[in-house]
Amino acid sequence: QPVLRARLLGQLAVTANPMAGGPEPGLSARALAAAERAGDADARFLALLASHADRVDFRCSAERLEIGAQAVELGRRTGRLDYAAWGHVWRMDALGELGRRTELDTELMSYAAVVEYQREPIGVWRLTMIRASMALLAGRFGEAAELAAHALAIGQRGGHAEAGFMDLVFRARLAPLTGTGWDEVEAGVRGVAGAGPVLTQAWLANMLAARGRLDQARLAWSQVAPA
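Residues numbered from 1 in each chain as written. Predicted model: local features only at pLDDT ≥ 70, side-chain atom pairs only at ≥ 80, totals over all residues. Heavy atoms only, no water.

Participant: Please provide a residue-by-residue account of the overall build of the protein, values included.
Facilitator: The number of helices and strands found in the protein is 12 helices and zero strands. Along the protein, helices and strands appear, N-terminal first, in the series α-α-α-α-α-α-α-α-α-α-α-α. Across the 227 residues of the protein, 41% fall into the buried class. Of the contacts formed within the protein by residues at least 6 apart in sequence, a portion of 48% connects residues at least 24 apart. (Helix = DSSP H or I, 4+ residues; strand = E, 2+ residues; numbered from the N terminus. Buried < 20%, exposed > 50% of the residue type's maximum accessible area, 1.4 Å probe, protein only. Contact = heavy atoms within 4.5 Å.)

Printed below as a string of C-alpha cells:
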C-alpha cells in the first residue's frame, strides 16, 4: 500500500505540473517524501520527474542540476539506465543555462555512453540533436545542419512525434546565422503559429524581425500583446 500510494502521488504530481495548469502547492515534494518512505525506485523517479517539472525556470537551474544528479545516482543504484539517461539530460540543460561548458561536455560524454549502450531510437535521436546544438554553438554550421538532418531521419524512422517540430526549432535558430533556409523556416513557423495558441505568434514575430520585415513583425506582435 505505501508503494502504491507513492506511485499514484508521483504520477499525479507529474501530470499536474505547473506547465500544465498548476498543481497543488508542494505536491512534488510530498510525492518525493512518500517515495523515500516506500523505498520504491519507480515512485522515486516519478517524484524526481515531477520535481524537475516544477522547476522549469532559469531561477531554478541549480536545483534542477541536483535533481538530475539524484536521477543519475538512482539509475546507477538500481541498474535502470533510463533513469540515468533522464538525469544526464536534465543536468546538461541546467549546465547550459549556468554557462558551465566544461562540465556540460563531461556530462554529454556520460550521456553518450548510456545511449550507445541502450541503442534506443529516441535516445539516439536526442543525443544527435544535442550534438547538433553543440556544433551550432561552436559555429560549426555545416556540421550542425548535417547532424540535425541525421537526427530528423532517426526520429522519423522511430516514429518520434516531436522530431519534426524540434527540427523546425533547430533550423529556425540556424537560419539567422547562415542566411540560408529562410523560406522553408518561415513557412514552417507560420504553420505552427496558425495552428497553435496565440502566443506562438511571438515566434513568428521574432522570425520576421530577424528577416528585417518589421511591419509584418509589428502586426504579429499586436496579436500577441493582449495575451
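Participant: So, the side chain of T200: which residues are in play, and what are the values?
Facilitator: You can see T200 is positioned in the loop between helix 10 (182-195) and helix 11 (201-210). Among the polar contacts listed, one links the side chain of T200 to the backbone oxygen of P197, at a separation of 2.6 Å. What T200 contacts, discounting residues up to four positions off in sequence, is V192 and A193. (Polar contact = N/O pair within 3.5 Å; in protein donor to acceptor, adjacent residues only side chain to side chain.)

Participant: Give me the lowdown on the packing of aromatic side chains, citing residues and values where you can.
Facilitator: Applying the stated rule across the entire model yields four aromatic pairs. Taking 4.6 Å as the distance between ring centres and 15 degrees as the angle between the ring planes, the aromatic pair formed by F45 and Y83 counts as stacked. Of this pair, F45 sits in helix 3 (residues 41-54) while Y83 sits in helix 5 (residues 81-98), and the two are 38 residues apart along the sequence. Each member of the pair F45 and Y83 is classed as buried. Between F165 and W203 the ring centres are 5.9 Å apart and the planes differ by 80 degrees, which places this aromatic pair in the edge-to-face class. (Phe/Tyr/Trp six-rings, centres within 6.5 Å; stacked < 30°, edge-to-face > 60°.)

Participant: Could you give an account of the packing of helix 3 against helix 4 (residues 61-78), naming the residues involved and the relevant values?
Facilitator: Two elements in contact, helix 3 and helix 4, have axes separated by 10 Å at closest approach and are oriented at 165 degrees. Between helix 3 and helix 4, the angle falls in the class roughly antiparallel. Crossing of helix 3 over helix 4 shows left-handed handedness. Every residue of helix 4 that contacts helix 3 at A41, R44, F45, L48, S51 and H52 is listed here: R64, I67, Q70, A71, L74, R77 and T78. Looking at side-chain class alone, the contact of helix 3 with helix 4 contains six nonpolar, four polar and three charged residues. (Axes fitted to C-alpha atoms, helices over the stretch in contact; angles between N-to-C directions. Parallel < 35°, antiparallel > 145°, perpendicular 65-115°, else oblique. Left-handed = near helix turned anticlockwise from the far one by under 90°. Nonpolar A, V, L, I, M, F, W, Y, C, P; charged D, E, K, R; others polar.)

Participant: For the environment of L48, give the residues involved together with the corresponding values.
Facilitator: Mapped onto the secondary structure, L48 falls in helix 3. Looking at L48, the relative accessible area reads 1%, which means it is buried. Taking the C-alpha atoms as reference points, L48 and I67, 19 residues apart in sequence, are found 6.5 Å from one another. Non-local contacts of L48, meaning those with residues more than four positions away in its chain, are made with L32, I67, Q70, A71, L74 and W90.

Participant: Requested: an account of the confidence of the model for the protein, with residues and values cited.
Facilitator: In the predicted model, the protein carries a mean pLDDT of 88, and the fraction of residues at 70 or more is 89%. Within the protein, the element-level pLDDT minimum falls on helix 1 (residues 2-15), averaging 54, and the maximum on helix 8 (residues 141-157), averaging 97. Segment residues 17-23: pLDDT under 50, and 12 contacts once partners within four positions in sequence are set aside and those in other chains are kept. (pLDDT = per-residue confidence, 0-100.)

Participant: Can you lay out the packing of helix 6 (residues 101-118) against helix 7 (residues 121-137) for me, pointing to particular residues and giving the numbers?
Facilitator: Look at helix 6 against helix 7: their axes get within 10 Å of each other, and the N-to-C directions meet at 155 degrees. Overall, the two elements helix 6 and helix 7 adopt an arrangement that is roughly antiparallel. Crossing of helix 6 over helix 7 shows left-handed handedness. Side by side, helix 6 and helix 7 meet where R101, L104, D105, L108, Y111, A112, V115 and E116 of the first sit next to G123, V124, R126, L127, I130, R131 and M134 of the second. Tallied by class, residues from the contact of helix 6 with helix 7 come to nine nonpolar, one polar and five charged.

Participant: Give me the lowdown on helix 5, citing residues and values where you can.
Facilitator: The end-to-end C-alpha distance of helix 5, which contains 18 residues, comes to 25 Å, matching closely the 26 Å that a straight helix rising 1.5 Å per residue would cover. The secondary structure elements touched by the buried residues of helix 5 are helix 3, helix 4, helix 6 and helix 7. G99 occupies a position one or two residues after helix 5 and carries a positive phi of about 75 degrees. (Expected span 1.5 Å × (residues − 1).)

Participant: Just give me the short version of the side chain of Q201, but keep the residues and values in it.
Facilitator: Position of Q201 among the secondary structure elements: in helix 11. Of the residues examined, Q201 reaches a relative accessible area of 12% and is grouped as buried. Ignoring anything within four residues of it in the chain, the contact list for Q201 reads A193, A220, Q223 and V224.

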